[in-house]
Amino acid sequence: MSTVVRRPVAFVAAIVLFVEAVGIVLINGILATVVKNQDMSLAGLESDAMSSGTWAMGGVFGLYLLLCGLVLLLTGIRDRAPGRAGRIALIGCAVVHGVLGALTVGLVGWTAFGFMMVVLGLIVLTLVAYGPRPEPGPEAVRPADDAGPNAPAPV
């Protein structure tokens, strides 16, 4: 894939992950507020603990998405493949988007599934575009047309 295509894909994927990080934190904030206002317990767990856990989960997942977006942004700016830790973070992010995409079909609908698959596609496309390049090796030596089965092997 040429540089003309892979850099914009990395930038678009970074922007999408930044927006998604903000959205995840907002959604978890709304859920935490609703849970706290319900003033009920779930199997003995108080609503304050559930609200705090929801805030923590939203914050951690939002930071993870920001980190992945930052890796993609730096990849696009430098036009180099991310390092090992960055690739692992992006692969994990792609797997999470795949699993969540499969869950959103039944829970939220096809639009949410489509969004998750677009984000998954952007991450995977960036990983493939900046993947390892094959080492330039010696070209395959072809025997001459008139070489028979007893001809010496080419050097």
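The structure reproduced in this document is the subject of the present report. (Residues numbered from 1 in each chain as written. Predicted model: local features only at pLDDT ≥ 70, side-chain atom pairs only at ≥ 80, totals over all residues. Heavy atoms only, no water.)

## Quick look at the side chain of Ser47
Then, number 1: Tracing the backbone through its elements, the reader meets Ser47 in helix H2 (residues 47-78).
Then, number 2: For Ser47, the residues in contact, after removing those within four places along its chain, are Val35, Lys36, Asp39 and Met40. (Helix = DSSP H or I, 4+ residues; strand = E, 2+ residues; numbered from the N terminus. Contact = heavy atoms within 4.5 Å.)

## Considering the packing of H2 against helix H3 (residues 84-107)
Then, number 1: One way to put it is that H2 packs onto H3 with a least axis distance of 10 Å and a crossing angle of 125°. As summarised for this structure, H2 and H3 are arranged oblique, according to the angle between their axes. H2 and H3 meet at a crossing whose hand is left-handed. Contacts from Phe61, Tyr64, Leu65, Cys68, Val71 and Leu72 of H2 reach H3 at Gly86, Ala89, Leu90, Gly92, Cys93, Val96, His97 and Leu100.
Then, number 2: Taken together, the residues that form the contact of H2 with H3 break down as 11 nonpolar, three polar and no charged. (Axes fitted to C-alpha atoms, helices over the stretch in contact; angles between N-to-C directions. Parallel < 35°, antiparallel > 145°, perpendicular 65-115°, else oblique. Left-handed = near helix turned anticlockwise from the far one by under 90°. Nonpolar A, V, L, I, M, F, W, Y, C, P; charged D, E, K, R; others polar.)

## Some thoughts on the pattern of salt bridges
Then, number 1: Inspection of every chain in the model, using the stated rule, returns one salt bridge.
Then, number 2: The closest approach of N and O atoms between Asp79 and Arg6, which form a salt bridge, is 3.2 Å. On the criterion of sequence distance, the pair formed by Asp79 in the loop between H2 and H3 and Arg6 in helix H1 (residues 3-38) is long-range, its members being 73 residues apart. The same class applies to Asp79 as to Arg6, namely buried. (Salt bridge = Lys/Arg side-chain N within 4 Å of Asp/Glu carboxyl O. Buried < 20%, exposed > 50% of the residue type's maximum accessible area, 1.4 Å probe, protein only.)

## Points about the packing of aromatic side chains
Then, number 1: Applying the stated criterion to the full structure yields one aromatic pair.
Then, number 2: Judged by centre distance (5.4 Å) and plane angle (85°), the ring pair of Trp110 and Phe113 falls under edge-to-face. On the criterion of helical spacing, the pair formed by Trp110 and Phe113 is a turn pair, its members being three residues apart in helix H4 (residues 110-129). (Phe/Tyr/Trp six-rings, centres within 6.5 Å; stacked < 30°, edge-to-face > 60°.)

## Observations concerning the nonpolar core
Then, number 1: Core analysis: the biggest nonpolar cluster contains 19 residues, and Leu17, Leu65, Cys68, Leu72, Leu90, Cys93 and Ile123 have the highest contact counts within it.
Then, number 2: Residue assignment for this core shows that the elements contributing at least two residues are H1, H2, H3 and H4.
Then, number 3: Among the elements that line this core, the one with the most residues is H1, at six residues.
Then, number 4: In this structure Leu17 touches Leu65, Cys68, Gly69, Leu72, Cys93, His97, Val119 and Ile123, once residues within four positions along its chain are discounted. (Core = buried A, V, L, I, M, F, W, Y, C linked by side-chain atoms within 4.5 Å.)

## A short note on H3
Then, number 1: Between the first and last C-alpha of H3 there are 34 Å, a value that for 24 residues agrees with the 34 Å anticipated at 1.5 Å per step.
Then, number 2: Gly86, Ala89, Leu90, Cys93, Ala94, His97, Gly101 and Thr104 are the residues of H3 that are buried.
Then, number 3: Gly109 sits one or two positions beyond H3 and adopts a positive phi of about 135°. (Expected span 1.5 Å × (residues − 1).)

## Observations concerning H4
Then, number 1: The terminal C-alpha atoms of H4, which comprises 20 residues, lie 28 Å apart, in line with the 28 Å expected from a rise of 1.5 Å per residue.
Then, number 2: Burial in H4 covers these residues: Met116, Val119, Leu120, Leu122, Ile123, Thr126, Leu127 and Ala129.

By themselves, these figures tell us nothing about what the structure is for.
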